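Working through the structure, step by step
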Amino acid sequence: MSDAQKLTHIDAAGEAHMVDVGDKAETVRVAVAEGFVKMKPETLALIHDGNTKKGDVIGTARLAGIMAAKQTANLIPLCHPLMLTKVAVDITEDATLPGLRVEARVKLSGKTGVEMEALTAVSIACLTIYDMAKAADKAMEIINIRLLEKSGGKSGDFKASDFGRQEN
């Protein structure tokens, strides 16, 4: 089995452990993730018009995503605490879904990647959208959360293909 096929968080005895990144080189690392919240057109209109009972859905979800990225190590047991230098969460309307597209871009200069931070930001932003609009639409769906790209580090760059992606 090649190193690329091994699970890095499993030791020789098959036990979960935190990876030692102490000897790794610091590089600029960036990860981008996306996810979608599918909803009724009427719910999207409520969010667009700012007429939900809980207030600014998009602004609150953006902040929740940023805060979540910074807390990833507290949420996922084997993630390293990181000094992120940038977290951006963009939420855009998609009338064809209908719903909202959430994208998170996370960056640092460090010894380990930020894929989990980007995915956590997207996940929590999507959950926040659901929470804030559930009074109007309990049937909303959180769909297609995935890593779009990552750069930096020993494993090199990654860009997702559309292979295997489910239709919205």
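Residues numbered from 1 in each chain as written. Predicted model: local features only at pLDDT ≥ 70, side-chain atom pairs only at ≥ 80, totals over all residues. Heavy atoms only, no water.

1. Things to note about the pairing of strand 3 (residues 99-110)
On any regular strand, side chains alternate: one points to one face of the sheet, the next to the other face. When strand 1 (residues 27-38) meets strand 3, the two strands line up antiparallel, connected through twelve bridges. Across the sheet, Val32 pairs through a bridge with Arg105, a residue of strand 3. In terms of strand pairing, strand 2 (residues 86-94) meets strand 3 through nine bridges, oriented antiparallel. Directly across from Glu93, in strand 3, lies its bridge partner Leu100. Linkage of strand 2 to strand 3, two consecutive antiparallel strands, is achieved through a turn of four residues. (Pairing = 2+ DSSP bridges. Helix = DSSP H or I, 4+ residues; strand = E, 2+ residues; numbered from the N terminus.)

2. Considerations on unusual backbone geometry
Apart from glycine, the bulk of residues carry a negative phi angle, and the bulk of peptide bonds sit in the trans form. Note that the residue after Leu97, namely Pro98, is joined by a cis bond; omega there is -15°. Despite not being glycine, Asn144 shows a phi value in the positive range, around 55°. Mapped onto the secondary structure, Asn144 falls in strand 4 (residues 141-151).

3. Examining the environment of Asp157
Mapped onto the elements, Asp157 comes out in the loop between strand 4 and strand 5 (158-159). For the pair Asp157 and Val30, spaced 127 residues apart in sequence, the C-alpha separation works out to 9.5 Å. The residues contacting Asp157, other than those within four sequence positions of it, are Lys150, Ser151 and Gly152. One polar contact links the side chain of Asp157 to the main-chain amide nitrogen of Gly152, over a distance of 3.4 Å. (Contact = heavy atoms within 4.5 Å. Polar contact = N/O pair within 3.5 Å; in protein donor to acceptor, adjacent residues only side chain to side chain.)

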